[in-house]
Amino acid sequence: MSTNSPSQLWQLLQAATIVDLSVLTGPDMPCSPPEGQRMNQYLFNTYTDPRGVFLEYVQIHDDHTGTHIDAPSHFTPSLESGLPHATEFGTVTIEQLDLKQLIGPATVVDVRPLVEAAPKGTSTHLAESPWITRAFLERWEKENGEFQAGEIVLFRSDWSDKYYKPLPEGFAYDRSHPAPHADAIELLYERGVRHIGIDGRGIGAMQDDNTPHWAALGRGMYATENLTNLGKLPTRGAVFIFLPHKFKGATGGMGRAIALVG
């Protein structure tokens, strides 16, 4: 590596377009899970001391609020627990995540056709979450090429773009967005994918929140949830970066998700 490679890297970064993939959080924004909304608040404090007046907020929120990542321990019991679905990844919490697995080439899978084809419920919303199946991904591969090891696969439904809004309108966000089926997650794992993301409240379906989490997190995969702006990325050609808050023992970590498009 040449001695000027750091400056070359900086020049590449300067030339890239940065796309913000994070939703806005705050006391009037949707919170996941819904019961955590009462905790998603700021406590306002002003202080005067010898250094002068300053302002700060004490933030109280669920660690799966806003754009965040699920650590494997979120849905995976430890082997020592003897519980169902326990795996060797059941003790992996946020501070243990592999940083290299949080950065990688983004592959965007457009799942909007599943939303358009899904049966509607009593309102404009879906009766239940449409599944992103293995068969759907295999058809996608025929048109776009196979998933590659190390890719970070992002499911684009435009759900957050449409429904992530201030409350009370934002309560519509916490409904039946598409979700990856366990067999789709198995396919991605077979291809060497270890990090997936979605622009909905989570990778779980409204009618079955557990199974997709068991399939992904139980294999040591990471899941970044509540993304947005995935429509601004190419199918391939961007670099995804998500760095969560490093909080000891946490099962989820809020952070800032971005993509670099060259």
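The rules we used
- Residues numbered from 1 in each chain as written.
- Predicted model: local features only at pLDDT ≥ 70, side-chain atom pairs only at ≥ 80, totals over all residues.
- Heavy atoms only, no water.
- Phe/Tyr/Trp six-rings, centres within 6.5 Å; stacked < 30°, edge-to-face > 60°.
- Helix = DSSP H or I, 4+ residues; strand = E, 2+ residues; numbered from the N terminus.
- Buried < 20%, exposed > 50% of the residue type's maximum accessible area, 1.4 Å probe, protein only.
- Pairing = 2+ DSSP bridges.
- Salt bridge = Lys/Arg side-chain N within 4 Å of Asp/Glu carboxyl O.

Caption draft 1: Region of interest: the packing of aromatic side chains. Taken as a whole, this structure holds 3 aromatic pairs when the rule is applied. Centroid distance W159 to Y163: 4.7 Å. Interplanar angle 55°. Geometry classified as tilted. Taken together, the residues span about one helical turn, with W159 and Y163 both in helix α4 (residues 159–163) at a distance of 4 residues. Owing to a relative accessible area of 3%, W159 belongs among the buried residues under this scheme.

Caption draft 2: Molecular detail of the pairing of strand β12 (residues 252–261). Of all 10 residues making up β12, 7 are buried, and the element is well covered by its neighbours. Judged from the 4 bridges that link them, strand β1 (residues 17–20) and β12 form a sheet pairing that is antiparallel. Bridging from a neighbouring strand, V19 pairs with A259 of β12. Bridging between strand β4 (residues 68–70) and β12 involves 3 bridges; their strand directions are antiparallel.

Caption draft 3: Layout of the pattern of salt bridges. Counted according to the given criterion, the structure contains 12 salt bridges. A salt bridge links E146 to R191, with the nearest nitrogen and oxygen atoms 3.9 Å apart. A residue pair is termed long-range when its members are at least 10 positions apart, and E146 in the loop between α3 (134–144) and β7 (152–156) and R191 in helix α5 (residues 182–191) qualify at 45 residues. The class for R191 is partly exposed, based on a relative accessible area of 21%. Note that D174 and R201 form a salt bridge whose closest N and O atoms lie 2.3 Å from each other. On the criterion of sequence distance, the pair formed by D174 in the loop between α4 and β8 (179–180) and R201 in the loop between β9 (195–198) and α6 (210–217) is long-range, its members being 27 residues apart. Taken as a pair, D174 and R201 share a single burial class, namely buried. Several salt bridges share partner residues, and in doing so they unite D110, R112, R156 and D158 into one network.

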